[in-house]
Structure formats: C-alpha cells, structure tokens
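# Topology and contacts: notes
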Amino acid sequence: MPEDLTVTRTLVIPAAELSERFSRSSGPGGQGVNTADSRVELSFDLAASPSVPEWLRVRMVSRLEKRLVDGVLTITASEHRAQLQNRQAARERMTNTLRDAAAAPPPVRRKTKPTKGSQERRIAEKKRRAQTKNGRRGGGWD
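Predicted model only: the values in this text are computed from it and were never measured. (Residues numbered from 1 in each chain as written. Predicted model: local features only at pLDDT ≥ 70, side-chain atom pairs only at ≥ 80, totals over all residues. Heavy atoms only, no water.)

## Considering the overall build of the protein chain
For the protein chain, the helix and strand inventory stands at 3 helices and 6 strands. Evaluated residue by residue, the protein chain yields a buried proportion of 25% over its 142 residues. Long-range pairs, those at least 24 residues apart, make up 60% of the contacts in the protein chain between residues at least 6 apart in sequence. As presented, the protein chain carries roughly 10500 Å² of accessible surface, and 50% of it is formed by carbon and sulfur atoms. (Helix = DSSP H or I, 4+ residues; strand = E, 2+ residues; numbered from the N terminus. Buried < 20%, exposed > 50% of the residue type's maximum accessible area, 1.4 Å probe, protein only. Contact = heavy atoms within 4.5 Å. Areas by Shrake-Rupley, 256 points an atom, 1.4 Å probe, with all protein chains shown as cover.)

## Re the pattern of salt bridges
For the coordinates displayed, the defined rule picks out 6 salt bridges. Residues Glu41 and Arg21 are paired through a salt bridge, measuring 3.8 Å at the closest nitrogen-oxygen approach. One end of the pair, Glu41, is in strand S4 (residues 39-45); the other, Arg21, is in strand S3 (residues 18-23), with 20 residues separating them in the sequence. We classify Glu41 as buried; its relative accessible area is 15%. Linking Glu41 and Arg39 is a salt bridge whose minimum nitrogen-to-oxygen distance equals 3.5 Å. (Salt bridge = Lys/Arg side-chain N within 4 Å of Asp/Glu carboxyl O.)

## Structural notes on the confidence of the model for the protein chain
Across the protein chain, the average pLDDT comes to 86, with 89% of residues at or above 70. Ranking the elements of the protein chain by mean pLDDT puts strand S1 (residues 5-6) last with 84 and helix H3 (residues 116-136) first with 95. (pLDDT = per-residue confidence, 0-100.)

## Thoughts on the sheet that holds S4
Within a beta sheet, neighbouring strands are joined by backbone hydrogen bonds and run either parallel or antiparallel to one another. Pairing in this open sheet of 4 strands is antiparallel, and the strands run S3-S4-S6-S5 from one edge to the other. With partners counted over all chains shown, the strands left at the sheet margins are S3 and strand S5 (68-69), one partner each. Its contacts with the sheet put helix H2 (residues 83-102) on S3, S4 and strand S6 (72-77), and the angle it makes with S6 is roughly 140°. (Pairing = 2+ DSSP bridges. Axes fitted to C-alpha atoms, helices over the stretch in contact; angles between N-to-C directions.)

## Observations regarding H2
Along an α-helix, residues three or four positions apart point the same way, because every turn accommodates 3.6 residues. Here H2 contains 20 residues, and its C-alpha end-to-end distance of 28 Å stays within 8% of the 28 Å for a straight helix at 1.5 Å per residue. On the buried face of H2, the contacting elements are S1, strand S2 (12-13), S3, S4, helix H1 (54-63) and S6. (Expected span 1.5 Å × (residues − 1).)

## Focus on the pairing of S4
The buried fraction of S4 amounts to 5 of the 7 residues, a majority that puts the element mostly inside the structure. The sheet contact formed by S3 and S4 spans 6 bridges and is antiparallel. Each residue of the ladder has a partner; that of Arg21, found in S4, is Glu41. Across 6 bridges, S4 lies against S6 in antiparallel orientation. Residue pairing across strands places Glu41 opposite Thr76, the latter belonging to S6.

## Looking at the pairing of S6
A one-sided burial pattern is seen for S6, the buried positions being Leu73, Ile75 and Ala77 and the unburied ones Val72, Thr74 and Thr76. With 2 bridges connecting them, S5 and S6 associate as antiparallel partners. Following the sheet pairing, Val69 is matched in S6 by Val72. Hairpin geometry of S5 and S6 is characterised by an intervening segment of 2 residues between the two adjacent antiparallel strands and by a positive phi of about 55° at Asp70.

This is the structure in structure tokens:
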C-alpha cells in the first residue's frame, strides 16, 4: 500500500515521506491478538517535509502544534482485526487531519447592529413572556 497520500487537489504527500510501524493491538482479534501485529502507527514529518509549501506548513504546524512531537504527526489505528484495514484507517485519519489543518481560515466576521425589526421583535417577545409569567401569579388562597 505504498501510495501517495492525496490531501487536497494541490497537496499530495509522497509515500516516501510516510513511515509505518506495526505492533500488537489491544483490541479485538481472538486467538490471533497476541501474535499478529495489527496496530498501525502512521507518521509524517510535517515540519521537515519538502512536499508542503512553506506558507501552508506554517499554517498547518500552528494548527496541529498540540499533536506534533518534534514536528512529526503520528496517527494510530487499532480498531480492526486486520492490519490492512488498520493501515487504511490510519491513512484516512491522516488525510482528514492534514486536510483540516490546511483549510483556509474562515472569513472574519464584521460586527453589525441589530436591525430595527429584530429589536422590536425581541422586545415584543419579552413583553409576551412577562405577561405569561404574570398570569401565573395567583392572588393566593386566603
């Protein structure tokens, strides 16, 4: 499965920059759980990658700074019994994580005043609520 990882249309991570490690999984597996190395750790050195443009690397590193260890992003998958399925799951998760980190920031919201109509509706609703609550007040039973 040494394929390139397509993150976006413009960002493709070559397979040579990804490294996989396998270990024994603690999840489901029956009798083979103690013998098969089905857990997958997929690592990508984001800080030193030549395939990520500098302007994008800065954005991605700042967004993923809590998940990076020395500039390396590591994704672990062990939810399946088969190593191949865990490899696919780890690659999917890596793609989604990198895609989210590479996404453009949302546009800055400009503050606007509430419209006259919305202010009037708000006040009218407050008065309606007050009348409802006032109606619940009983004179009491003397």
